[in-house]
2 protein chains.
Amino acid sequence: MVSIKDVAKLAGVSVSTVSRVINKRGKTSKETEEKVWRAIEILQYRPNLLARSLRSQKTKLLGLLVPDIDSPFFARLAKYIEEAAYQKGYNLILCNVGEDPKREKDYLEVLVQRQVEGIIFPRVSDESLLVRIPYLSKIPYVILDRTLEKEEAPTVKLDNIAAGMLAATHLLKLGHRKFACITGPQKISVSRERLEGFLTTLIQAGISVENIFVVEGDFKIDGGRKGMERILDHLSPPFALFCMNDMMAFGAIQVARERGWQVPRDISVVGLDNNPLCEVFSPPLTTVAQPFDQIAKAGITLLCKLIEGKKVRKKSITVLPYLVTRQSTAPPREQ
Amino acid sequence: MVSIKDVAKLAGVSVSTVSRVINKRGKTSKETEEKVWRAIEILQYRPNLLARSLRSQKTKLLGLLVPDIDSPFFARLAKYIEEAAYQKGYNLILCNVGEDPKREKDYLEVLVQRQVEGIIFPRVSDESLLVRIPYLSKIPYVILDRTLEKEEAPTVKLDNIAAGMLAATHLLKLGHRKFACITGPQKISVSRERLEGFLTTLIQAGISVENIFVVEGDFKIDGGRKGMERILDHLSPPFALFCMNDMMAFGAIQVARERGWQVPRDISVVGLDNNPLCEVFSPPLTTVAQPFDQIAKAGITLLCKLIEGKKVRKKSITVLPYLVTRQSTAPPREQ
DNA sequence: CAGAATTAAGAAAACGTTTCCAATAAGAGG
DNA sequence: CCTCTTATTGGAAACGTTTTCTTAATTCTG
């Protein structure tokens, strides 16, 4: 491997001069600069970022801890996070932790050892080790799409209450009086907040609790399917269903169809996320959209501020959802 | 930051001894080992991987160059690649290059400078800079789901010809005699190979070329939509359609539905990839499945061998697709 | 019991940078 | 012509490891 020494030798200058030229720090004469660049060109020299990082204590590395990169939600988020990080000159170490706490622990250790400057992670659970491991709490981090109970951790997320309200008002406006909801795991704050927004809006509109049937899902297709089965065992159409993400909505609609019900004629369905497939689904899915780009960008920006040690006023940022109306919702048919 | 020196001091031994204990290299007495581990525990010492890598010339880092992490195909592949890398003790730097050649160049530079030990990337284009930049060709790499024209680059991919054949035989067996196909971009070898398998099988079965209508797509939903519009302008159902990935199949089916055609009654559709959403689509999509886990695992294994400098007999590995029959295909209706 | 062989541990060099400090050369001012 | 700045440059330490080479201490062998 060709090092800065080789460049210095070929250019006939000292190592420090080469460094100065490369980093454009300090004074250097035009001629030496030229000599140095020429040598670099000839030798195809590329600085070793390990050495640079070791010396300068800056790695320009971030850890991206994600539950499941294969889920459309996280894949989308990851894309925008990567984009924002790239813009700021950071690289991302991809850590797919799944449901495995051991793996999360492993990765956190590794990230620390690799001297990442910060960690960004969507939707950690409350049991997450991040907050537990003491030497970890020193490293800047930002949590996306999720609040941790205990402390005022830096967070960027959707206004989930507003999201629930958006779904509820849309369905109310269509004239629905009977509702169902498939939530995410209740231990995740996101689920609770969305439910809160959904329920309070309905109740304020005078819907009685007997007419609201809530089942717990898992944000996956299968949770939507199982949820819908339970709902249809207890509730007879027409009614309106709010699924807390699109995947579950897809699963739920499939079950409805299998049982002979039509969407939106018998059941209106609202999803959440605005997955690109909503458009091609049959029927195209009405959904509460997340501005993924905003979340990611705000997250990285916040993280960078924390890394630079700047004082941040608002450690907790929320972004607003918006409704995308398609064909899976309609007024309830006459009974 | 607490370093190995602090540990040495607290344990009352030399730095080299601490290093030996940590790496379990060389002889150390039970007592010193205990002293060292105790000091490590007290100080919460974690080795600095930058320094270690710098010295040992091993970073245990891999670059993952991917066109679009938000596409279901790449997200799925990335997940399994990450899994395989993790098993082998490697970390991944995520590089989402999009369609931007400048970005690809940037990232390749950065990866080299970060001293990654290898690069793995799905579906590079032939114009990819990888092969061009001379100092890059030294760093081990493996290409997934794609062959580069020129040389015998190490590759792991689906047997695409078999994939095309699988789709064709399935449709033939159902009794179809009129066919359409929405390909991927023709400049990507994957598309050409799949088409080859599809066409030769049909022609060998005695289907005349007038009864095969091929349009070029882009592997995205919209390509499927546009492709289907062109097909329906030229071809009247019933016929059988092979889409070279599931996304395009979803788009195509939507257009068919908009135009009043039913799948599979009027048009049989076969996709490719076996996206989890195939199951919940309406109708559930028959598809040629890719064994993502095998591809990823074989890719990482191959890359590791190249890194270790082992001689590899087979630099080019193909894995076999299999058909998953669902409800989007059926015998053609009587006309 | 002397010398050889073995074991455990320390000292120091090396990895490739950045950066502080000192040194040299050139120009300015008196 | 001598001193004082100023502009460039080089030398060397430092970042935190690993690893080679010594050295000291112990055990074995005849």
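Quick caveat, the model's predicted, so the values are computed rather than measured. (Residues numbered from 1 in each chain as written. Chains lettered and ligands numbered in written order. Predicted model: local features only at pLDDT ≥ 70, side-chain atom pairs only at ≥ 80, totals over all residues. Heavy atoms only, no water.)

J.: Could you clarify how one ought to interpret the domain arrangement of chain A in this entry?
T.: Interfaces are often sized by the amount of accessible area the parts lose when they come together. Considered domain by domain, chain A is made up of domain 1 (4–47), domain 2 (57–158 + 292–319) and domain 3 (160–290). Its C-alpha centre places domain 1 of chain A at a distance of 63 Å from the equivalent point of domain 3 of chain A. (Domains from an automatic or database assignment.)

J.: I would appreciate a short explanation of the relation of the copies chain A and chain B in the present structure.
T.: Copy one and copy two of the chain differ by a rotation about an axis and a translation along that axis. When chain A is fitted onto chain B, the two copies agree to an RMSD of 0.1 Å after a turn of 180° and an axial shift of 0.1 Å. Taken together, the rotation angle and the small translation identify this as a two-fold axis. When each C-alpha of chain A is compared by its distance to the rotation axis, Ile93 of chain A comes out closest, at 2.3 Å. The fraction of interface residues of chain A whose copies in chain B are also interface residues reaches 100%, indicating that both copies meet through the same surface. (Least-squares fit on C-alpha atoms with pLDDT ≥ 70 in both. Contact = heavy atoms within 4.5 Å.)

J.: I tried to follow the packing of aromatic side chains on my own but got confused; where do I start?
T.: Each pair of aromatic rings is reported with the distance of its centres and the angle of its planes. Counted under the stated rule, the structure contains 15 aromatic pairs over all chains. When the centroid spacing of 6.3 Å and the interplanar angle of 80° are considered together, the rings of Phe179 of chain B and Phe198 of chain B count as edge-to-face. Of the two residues, Phe179 of chain B sits in strand β6 (residues 179–183) while Phe198 of chain B sits in helix α8 (residues 189–204), which places them 19 residues apart along the sequence. Accessibility expressed as a relative area gives 0% for Phe198 of chain B, which makes it buried. Counting every residue linked through ring pairs, the aromatic cluster contains Phe250 and Phe281 of chain A together with Phe250 and Phe281 of chain B. Positioned above the aromatic ring of Tyr86 of chain A is the side chain of Arg103 of chain B, whose terminal nitrogen or guanidinium carbon lies 3.9 Å from the ring centre. (Phe/Tyr/Trp six-rings, centres within 6.5 Å; stacked < 30°, edge-to-face > 60°. Helix = DSSP H or I, 4+ residues; strand = E, 2+ residues; numbered from the N terminus. Buried < 20%, exposed > 50% of the residue type's maximum accessible area, 1.4 Å probe, protein only. Lys NZ or Arg CZ within 6 Å of the ring centre and 35° of its normal.)

J.: Would you explain the packing of helix α4 (residues 49–56) of chain A against helix α4 (residues 49–56) of chain B in this entry?
T.: How two helices sit against one another is set out by the angle between their axes and by the gap between those axes. Put simply, α4 of chain A and α4 of chain B touch, their axes get as near as 9 Å, and they point 140° apart. With respect to α4 of chain B, the axis of α4 of chain A lies oblique. As for how α4 of chain A packs across α4 of chain B, the hand of that crossing is left-handed. The residues of α4 of chain B that touch α4 of chain A, namely those facing Leu50, Ala51, Ser53 and Leu54 of chain A, are Leu50, Ala51, Ser53 and Leu54 of chain B. (Axes fitted to C-alpha atoms, helices over the stretch in contact; angles between N-to-C directions. Parallel < 35°, antiparallel > 145°, perpendicular 65-115°, else oblique. Left-handed = near helix turned anticlockwise from the far one by under 90°.)

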